[in-house]
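Structural overview for review
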Amino acid sequence: MEWFNKHLNLTYVIFFAVSIAASAIILSKGLSLTYVVIASVVSLLINLVAGGWVLWKKGQSLWWLMLLLFMTIAFVIFVLILPNRNKNPVEKDAVTDEDYYQKRGKK
């Protein structure tokens, strides 16, 4: 346990990797919305707990966790609100084989 206290930054990186691995294991079971939400919550909880512990050990304010949580929620809202401008980029400029050969007269 003393090693974790000496290397706080590396401790957080290790827990971040653990959260990614946990999310990957959960998402390997399926990509339905339920699994995505569960993986996201597990990852967020691991990061918040590890981040809180590291901040507490460093003597920093735990309000940084609230900022992290706020930025995560703001990012998710930002991504969900943005319109998908590239709905079907292939269909917009797509040319069928028949149209291609008709334009060149080689059918």
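Anything mentioned here points back to the structure above.
Read on for an overview of the structure. (Residues numbered from 1 in each chain as written. Predicted model: local features only at pLDDT ≥ 70, side-chain atom pairs only at ≥ 80, totals over all residues. Heavy atoms only, no water.)

**Digging into the overall build of the protein**
Within the protein, the secondary structure is distributed over six helices and zero strands. When the helices and strands of the protein are placed in sequence order, the string is α-α-α-α-α-α. Within the protein, the proportion of its 107 residues that are buried is 15%. Once local pairs closer than 6 in sequence are excluded, the contacts in the protein between residues at least 24 apart make up 46%. Carbon and sulfur atoms form 68% of the exposed surface of the protein, whose accessible area is close to 9000 Å². (Helix = DSSP H or I, 4+ residues; strand = E, 2+ residues; numbered from the N terminus. Buried < 20%, exposed > 50% of the residue type's maximum accessible area, 1.4 Å probe, protein only. Contact = heavy atoms within 4.5 Å. Areas by Shrake-Rupley, 256 points an atom, 1.4 Å probe, with all protein chains shown as cover.)

**Brief notes about the side chain of N47**
Here N47 shows up in helix α3 (residues 33-58). Those residues in contact with N47 that sit more than four places away from it in its chain are Y12, F15, F16 and S19.

**Quick word on a nonpolar patch on the surface**
A grouping of M1, W3, F4, L10, V13, I14, F15 and V18 is seen on the molecular surface, where their side chains present a nonpolar patch of about 720 Å² in accessible area. At the level of secondary structure, the elements contributing two or more residues to the nonpolar patch comprise α1 (2-6) and α2 (8-27). Top contributing element to the nonpolar patch by residue count: α2, with five residues. By the element assignment, F4 lies in helix α1. (Patch = residues over 30% accessible without salt bridge, like charges linked within 9 Å, V, L, I, M, F, W, Y side chains within 5 Å. Salt bridge = Lys/Arg side-chain N within 4 Å of Asp/Glu carboxyl O.)

**What to know about the packing of aromatic side chains**
Enumeration over the complete set of coordinates arrives at one aromatic pair. Ring geometry for W3 versus F4: centroids 5.4 Å apart, planes at 85 degrees, classification edge-to-face. Assessed through its relative accessible area of 39%, W3 is described here as partly exposed. (Phe/Tyr/Trp six-rings, centres within 6.5 Å; stacked < 30°, edge-to-face > 60°.)

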